[in-house]
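Tertiary structure, described
Residue strings, one per chain:
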Amino acid sequence: MRPFEQIVAEYGPMVLRVCRALLGAADADDAWSETFLSALRAYPGLPVDANVEAWLVTIAHRKAIDVHRATARRPVAVGRVPDRPSRAGRPEDWDGDLWDALAALPRKQREAVAYHHLAGLPYQEVAAITGGSTDAARRAAADGIKRLRTTYPRGEDDD
């Protein structure tokens, strides 16, 4: 087996892209760290012929679910209740960012786009992670990309 440091160096950027697509920039770094901490603990027991990339994306997927659950339960402490909600620092409120377009996608489409197009996993692996058929994963990714093409600015003339 390769040293774990090589695994982190090779797959770290891909896992970070997946975490950012699923969670936004605010929570992505923590999910990335948690993914590799969990992977480090489990790495010695990983079969030699295992697909490391798919294994890491599966761990990242589960960490993203954990973050979503924790965020939903966590109260937000404030010194004084604002007259109107602040939009500063929330990735879902960034104007013109890819996160806006990804966040608007239904969950299955967002996951399929992240796992296939950002992580580079084949549809069979995407289906195994998200729970469904290969055809359903392919359709969700295609629908997600189609929608992103209409909602995400290309950065050109935006005609």
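Our structure's up above, just so we're on the same page.
Positions within a chain are numbered from 1, following the residues in the order the chain's sequence is written. The model is predicted, so local features are restricted to residues of pLDDT at least 70 and side-chain atom pairs to those at 80 or more, both for listing and for counting; the totals for chains, interfaces and linings are taken over all residues. Calculated side-chain values reflect all of the structure's heavy atoms, with hydrogen atoms and water omitted.

**Thoughts on the nonpolar core**
Core analysis: the largest hydrophobic core is formed by 45 residues, its most contacted members being Trp 55, Leu 56, Tyr 115 and Leu 121. Looking at this core, the elements with two or more residues in it are helix H1 (4–23), helix H2 (25–42), helix H3 (52–73), helix H4 (98–104), helix H5 (107–118), helix H6 (123–130) and helix H7 (134–151). Only DSSP runs of H or I covering at least 4 residues are called helices, and only runs of E covering at least 2 are called strands; the numbering of each starts at the N terminus. Among the elements that line this core, the one with the most residues is H1, at 11 residues. Those residues in contact with Leu 56 that lie beyond four places of it in its chain are Ile 7, Tyr 11, Val 15, Thr 35, Phe 36 and Ala 39. To define a nonpolar core, start from buried Ala, Val, Leu, Ile, Met, Phe, Trp, Tyr and Cys residues and group those joined through side-chain atoms within 4.5 Å. Each residue's exposure class comes from its accessible area (1.4 Å probe, protein chains only) as a fraction of the maximum for that residue type: buried when under 20%, exposed when over 50%, partly exposed otherwise. Contacts are assigned to residue pairs with any non-hydrogen atoms lying within 4.5 Å of each other.

**Some remarks on H1**
Working note: α-helix, 3.6 residues per turn, so residues spaced by three or four point in the same direction. Its 20 residues place the ends of H1 only 25 Å apart at the C-alpha level, less than the 28 Å of an ideal helix rising 1.5 Å per residue. Consider a residue and the seven residues that end there alongside the seven that start there; fitting an axis to each set, the bend is the angle between those axes. Considering bend angle alone, the principal kink of H1 is centred on Tyr 11 and spans about 50°; proline Pro 13 follows within four residues of it. If you check which residues of H1 are buried, you get Phe 4, Ile 7, Tyr 11, Gly 12, Met 14, Val 15, Leu 16, Val 18, Cys 19, Ala 21, Leu 22 and Leu 23. Tucked into the core, H1 has its buried residues touching H2, H3, H4 and H5. Remark: Gly 24 follows H1 within two positions and exhibits a positive phi of approximately 90°. Given the number of residues in a helix, its expected span is that number minus one, multiplied by 1.5 Å.

**Observations regarding the packing of aromatic side chains**
Pairing of aromatic rings covers Phe, Tyr and Trp, the last through its six-membered ring, and needs centres within 6.5 Å; plane angles under 30 degrees mean stacked, over 60 mean edge-to-face, and all others mean tilted. Taken as a whole and assessed by the stated rule, the structure comprises four aromatic pairs. Taking 6.3 Å as the distance between ring centres and 70° as the angle between the ring planes, the aromatic pair formed by Phe 4 and Phe 36 counts as edge-to-face. Here the residue Phe 4 occupies a position in helix H1, and Phe 36 occupies one in helix H2, the gap between them amounting to 32 residues. Considering the side-chain rings of Tyr 43 and Trp 55, the 6.3 Å spacing of their centres and the 40° angle between planes classify their relative orientation as tilted. Of this pair, Tyr 43 sits in the loop between H2 and H3 while Trp 55 is found in helix H3, placing the two residues 12 residues apart along the sequence. A residue is classified by how much of its surface remains accessible, and Tyr 43, at 10% relative accessible area, is buried.

**With respect to the environment of Val 8**
The residue Val 8 is located in helix H1 in this model. C-alpha of Val 8 to C-alpha of Ala 39: the two residues are 31 residues apart in sequence and 9.6 Å apart in space. For Val 8, the contacting residues outside a window of four places in its chain are Pro 13, Trp 32 and Phe 36.

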